[in-house]
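Results of the structural survey
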Amino acid sequence: MKLENEDKQSIFEIVAGRYFTTQNWKWVNLKKDINKIIRAFDELNEQYASYSYVSRDWYVENMGSKNLHMCNSWDELKNLVAFLNTYGTAFNFLVNTGNRKSFCIVSNSRDLDENQANAIKEVQKLGYNTFVFLATIPDEIEFQLLQVRGVN
């Protein structure tokens, strides 16, 4: 069976996620969770509008969504969301290695498209590291379909 590009991309993301987990890194799949980060930002703004005597930094540090966006301050979260709104689709993961936060592209090629190259330049201005997780997956996968007969 021939694997489609979407199939390969899903496999890349599974392999990368497993690698991040074995390294004990925190990570977020941006292809699946980018909207959750943006929604957390909006919710934080709503909380602040209701209770503006508490600093936005406090909300960033203490809201349950911190595990999702991994930010420590309001400015960091604001910049992250602005970046994600513009370039978020260029990356697959946001990863926290413990020492540094990074954006990750998963691919089977070292060649980046123009959007990815521009996104890397912009995210580095924000102080994030970037890396490409390279994996090789065959174009076709073999399988068998076995019939199991029931007992009469």
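I will try to describe carefully the structure that is included in this document. Here the structure is a predicted model, which means the values were calculated and not measured. (Residues numbered from 1 in each chain as written. Predicted model: local features only at pLDDT ≥ 70, side-chain atom pairs only at ≥ 80, totals over all residues. Heavy atoms only, no water.)

Moving on, we get to helix α6 (residues 114–125). When the terminal C-alpha atoms of α6 are compared, their 17 Å separation across 12 residues agrees well with the 16 Å that a helix rising 1.5 Å per residue should span. Residues of α6 that are buried sit in contact with α5 (74–87), β3 (101–107) and β4 (129–134). The opening residue of α6 is D113, an N-cap whose side-chain oxygen sits 3.1 Å from the backbone nitrogen of N115. One or two residues past the end of α6 sits G127, with phi positive at roughly 95°. (Helix = DSSP H or I, 4+ residues; strand = E, 2+ residues; numbered from the N terminus. Expected span 1.5 Å × (residues − 1). Contact = heavy atoms within 4.5 Å. Polar contact = N/O pair within 3.5 Å; in protein donor to acceptor, adjacent residues only side chain to side chain.)

Glancing now at a nonpolar patch on the surface. On the surface, a cluster of nonpolar side chains totalling about 500 Å² of accessible area is made up of M1, I141, F143 and L145. Its place among the elements puts I141 in the segment after β4. (Patch = residues over 30% accessible without salt bridge, like charges linked within 9 Å, V, L, I, M, F, W, Y side chains within 5 Å. Areas by Shrake-Rupley, 256 points an atom, 1.4 Å probe, with all protein chains shown as cover. Salt bridge = Lys/Arg side-chain N within 4 Å of Asp/Glu carboxyl O.)

So, on to the pattern of salt bridges. Within the structure shown, the criterion is met by six salt bridges. A salt bridge links D75 to K78; the nearest nitrogen and oxygen atoms lie 3.7 Å apart. A residue pair is termed a helical-turn pair when its members lie 3 or 4 positions apart in one helix, as D75 and K78 do in helix α5 at three residues. Residue class for K78 comes out partly exposed when judged on its relative accessible area of 36%. (Buried < 20%, exposed > 50% of the residue type's maximum accessible area, 1.4 Å probe, protein only.)

Below, the discussion takes up unusual backbone geometry. Apart from glycine, the bulk of residues carry a negative phi angle, and the bulk of peptide bonds sit in the trans form. A positive phi angle, near 60°, is found at N24, a position not held by glycine. Relative to the assigned elements, N24 resides in the loop between α1 (5–22) and β1 (26–29). For M70, which is not glycine, the phi torsion reads 60° and is therefore positive. Looking at the secondary structure, you find M70 in the loop between α4 (66–69) and α5. Judged by its relative accessible area of 4%, M70 falls in the buried class.

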